[in-house]
Amino acid sequence: MKILISNDDGFQAPGLVALHQALVDLPDVQVEVVAPEHNNSAKSNALTLSAPLYVREAHNGFRYVTGTPADCVHIALKGLLDYRPDLVLSGINNGANMGDDTIYSGTVGAAMEAYLFGIPAIAFSQTEKGWAHVDDAAQVARKLVQQVMHERWLEQEVFLLNVNIPNLPFGELKSMKVCRLGRRHAAEKVITQDSPRGETMYWIAGAGGAKDSGEGTDFHATAGGHVSVTPLQIDLTDHARLGRWRETVDRIEVPRS
Ligand code: MN
């Protein structure tokens, strides 16, 4: 059983260290880290196509890449590792990846890269920034990985899970709940400042608050102290509108051959 771990906060992030620590002593499990050199939060599935990438090894054996989270997993799977991992984990992220966050998240992006290559993957995030109770979150991750192994999911299915863990001591966490993604309000207004050289600087502001945080969503579950577990898929097709769009494009006159 071989597990590859990556993240988007960088190879020195406490969430990655805690996740590795929680899994490294599992029997018959080999754990390896390939993670970004620097913080790459909100890089989604970005790949670096216009520059070379370098892979270096830290004193603790973690390997780090001068690229994005998806670069890390891509390079690991398509050239760096001489084996195919059975499972790819990403995180534990510094802050929530719920609802619309999953579109932007580098944590989810790293996991999704593995999923695209046909390898089961799980993205883990703590709901609050700051790493409070990160070792407790890692214990949650360990339990989920153990259950997945115990039920032989890895032999049967390729899946992509998104997990958000409230920053609580292990004993105060409530049960894991399988959830759908909620929705956020649109992001806050961009912040502008004058640079010392007289130009306007634009800073992307915070994500919007929860808009759909009703029963059954990840927002609802984590607000109540539960761990949210959301199975993701990546077909972006708007299936419900296929028919209406067919009617519209059929009314456009184009040369027919
Ligand atoms: Mn991050």
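Attention now goes to the sheet that holds strand β13 (residues 227-231). Spatial strand order, β3-β4-β2-β1-β5-β6-β7-β13-β8: 9 strands in an open sheet with mixed pairing. Strands with a single pairing partner mark the edges of an open sheet, and in this sheet they are β3 (55-57) and β8 (176-178). Taken over all neighbouring pairs, the strand axes of this sheet differ in orientation by 25° on average, direction set aside. Pairing geometry for β3 and strand β4 (residues 63-65), over 3 bridges, is antiparallel. Paired with Val 55 across the two strands is Val 65, which belongs to β4. The sheet contacts of helix α1 (residues 14-23) involve β1 (2-6), β2 (30-36), β5 (87-93) and β6 (121-126), and relative to β5 the element is tilted by about 135°. In this fold helix α4 (residues 106-116) packs onto β1, β5, β6 and β7 (160-165), with an angle of close to 170° to the strand it touches most, β6.

The coordination sphere of the manganese ion contains the protein donors Asp 8 (OD), Asp 9 (OD), Ser 41 (OG) and Asn 93 (OD1), at a distance range of 2.1 to 2.3 Å. Within one chain, the residues donating to the manganese ion are spaced in sequence as D-D-x31-S-x51-N. Taken together, the residues span a long stretch of sequence, with Asp 8 in the loop between β1 and α1 and Asn 93 in strand β5 at a distance of 85 residues. On the basis of relative accessibility, which here comes to 2%, the residue Asp 8 falls in the buried class.

Burial within β13 is extensive, with 4 of its 5 residues counted as buried. Relative to β13, β7 runs antiparallel, the two being bridged by 4 bridges. Across the sheet, Asn 164 pairs through a bridge with Ser 228, a residue of β13. Across 3 bridges, the pairing between β8 and β13 is parallel.

The topology assignment puts Gly 61 in the loop between β3 and β4. The class of Gly 61 is partly exposed, set by a relative accessible area of 31%. Distance in space between the C-alpha atoms of Gly 61 and Glu 32 is 8.3 Å, their sequence separation being 29 residues.

Now for the pairing of strand β10 (residues 191-194). Sheet topology note: the β10/strand β11 (residues 200-203) ladder contains 4 bridges and is antiparallel. Within the sheet, the bridge partner assigned to Thr 192 lies in β11 and is Tyr 202.

Taken as a whole and judged by the stated rule, the model has 7 salt bridges. Put simply, Glu 32 and Arg 63 hold a salt bridge, and the shortest N to O gap is 2.3 Å. Here the residue Glu 32 occupies a position in strand β2, and Arg 63 occupies one in strand β4, the gap between them amounting to 31 residues. The exposure class of Glu 32 is buried, given its relative accessible area of 15%. Note that Asp 100 is salt-bridged to Arg 183, the shortest N-O span being 3.1 Å. One end of the pair, Asp 100, is in the loop between β5 and α3 (101-104); the other, Arg 183, is in strand β9 (residues 183-184), with 83 residues separating them in the sequence. According to the relative accessible area criterion, Asp 100 is buried, its value standing at 18%. For Arg 183, a relative accessible area of 44% puts it in the partly exposed group.

Analysis parameters
- For every chain, the first residue of its written sequence is number 1, and the numbers climb from 1 along that sequence.
- In keeping with the model being predicted, local features are shown solely for residues with a pLDDT of at least 70 and side-chain atom pairs are shown and tallied solely at 80 or more, while totals for entire chains, interfaces and linings include all residues.
- Water and hydrogen atoms were dropped before computing side-chain values, which therefore reflect all heavy atoms in the structure.
- A strand pair is defined by DSSP finding two or more bridges across the two strands.
- Numbering of helices and strands starts at the N terminus; helices are DSSP runs of H or I of at least 4 residues and strands are runs of E of at least 2.
- A fitted line through C-alpha atoms represents every axis, and for helices the fit uses only the stretch in contact; the resulting angles, taken between N-to-C directions, go from 0 to 180 degrees.
- Note on definitions: a residue-residue contact is assigned when non-hydrogen atoms from the two residues lie within 4.5 Å.
- Distances decide who is a donor: an N, O or S atom must be within 2.8 Å of the metal, or within 3.2 Å for Na, K and Ca. Water is not included, so sites may look incomplete.
- Only protein chains enter the area calculation, which uses a 1.4 Å probe; residues under 20% of their type maximum are buried, those over 50% are exposed, and those in between are partly exposed.
- Whenever a carboxyl oxygen of Asp or Glu lies within 4 Å of a side-chain nitrogen of Lys or Arg, that contact is scored as a salt bridge.

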